Amino acid sequence: MTEAETDLVAAVDALLDRPRDLPDPAERRRLRKADGLTQQQVAATMRVSRTTLNAWETGRSWPTGARRTAYAHFLRRLADLYPATPTEQETPR
């Protein structure tokens, strides 16, 4: 394999190995709303601005580090309380 091919294969692996600990942005918003929480409440708990939380819920940015871990935990807890109905679940790719 050439160096260029090796680099491309590595790029593909990195894409497929990306963290999958967060649901898609629309599901993040659905879960928060299902529990009756405002963006401001969640943002204050995550110690970020409401604008930052909004960016997480629209997919414009993603949390990193400890905030990502805490946010993923928060969303998993909400998902346990408010499972998606079959029409809300993402179709398999």
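What comes next concerns the included structure. This one's a predicted model, so the numbers in the text were calculated from it and none came from an experiment.

Thoughts on the nonpolar core
Right, on to step 1. Within the largest apolar cluster, 13 residues are counted, with the highest numbers of intra-cluster contacts made by Val42, Met46, Leu53, Trp56, Tyr71, Phe74 and Leu75.
Right, on to step 2. For this core, the secondary-structure elements that each account for two or more residues are helix 3 (39-46), helix 4 (50-58) and helix 5 (65-81).
Right, on to step 3. With sequence-adjacent residues up to four places away left out, phenylalanine 74 is seen in contact with Leu37, Val42 and Met46.

Describing a nonpolar patch on the surface
Right, on to step 1. On the surface, Val12, Leu15 and Leu16 cluster together to form a nonpolar patch covering roughly 290 Å² of accessible area.
Right, on to step 2. Its place among the elements puts valine 12 in helix 1 (residues 3-16).
Right, on to step 3. Classification of valine 12 by relative accessible area gives partly exposed; the value is 46%.

Notes on unusual backbone geometry
Right, on to step 1. In this model, arginine 47 sits at a positive phi of 60 degrees, which is unusual for a non-glycine residue.
Right, on to step 2. Along the chain, arginine 47 falls in the loop between helix 3 and helix 4.

Some points on helix 4
Residue pairs three or four apart in sequence face the same way in an α-helix, which turns once every 3.6 residues.
Right, on to step 1. All of the buried residues in helix 4 are Leu53, Asn54, Ala55, Trp56 and Glu57.
Right, on to step 2. The inward-facing, buried residues of helix 4 abut helix 2 (25-34), helix 3 and helix 5.

Points about the environment of leucine 81
Right, on to step 1. Looking at the secondary structure, you find leucine 81 in helix 5.
Right, on to step 2. Distance from leucine 81 to valine 12, taken between C-alpha atoms, is 35 Å for residues 69 residues apart in sequence.

Observations concerning the packing of helix 2 against helix 5
Right, on to step 1. Remark: helix 2 packs on helix 5, axes separated minimally by 10 Å, with the N-to-C direction vectors making an angle of 60 degrees. Taken as a pair, helix 2 and helix 5 cross one another with a handedness that is left-handed. Two secondary-structure elements touch here, helix 2 through Arg28, Leu31 and Arg32 and helix 5 through Tyr71, Leu75, Leu78 and Ala79.
Right, on to step 2. Of the residues contributing to the contact of helix 2 with helix 5, the split by class is 5 nonpolar, no polar and 2 charged.

Conventions we followed
- Residues numbered from 1 in each chain as written.
- Predicted model: local features only at pLDDT ≥ 70, side-chain atom pairs only at ≥ 80, totals over all residues.
- Heavy atoms only, no water.
- Core = buried A, V, L, I, M, F, W, Y, C linked by side-chain atoms within 4.5 Å.
- Buried < 20%, exposed > 50% of the residue type's maximum accessible area, 1.4 Å probe, protein only.
- Helix = DSSP H or I, 4+ residues; strand = E, 2+ residues; numbered from the N terminus.
- Contact = heavy atoms within 4.5 Å.
- Patch = residues over 30% accessible without salt bridge, like charges linked within 9 Å, V, L, I, M, F, W, Y side chains within 5 Å.
- Areas by Shrake-Rupley, 256 points an atom, 1.4 Å probe, with all protein chains shown as cover.
- Salt bridge = Lys/Arg side-chain N within 4 Å of Asp/Glu carboxyl O.
- Axes fitted to C-alpha atoms, helices over the stretch in contact; angles between N-to-C directions.
- Left-handed = near helix turned anticlockwise from the far one by under 90°.
- Nonpolar A, V, L, I, M, F, W, Y, C, P; charged D, E, K, R; others polar.

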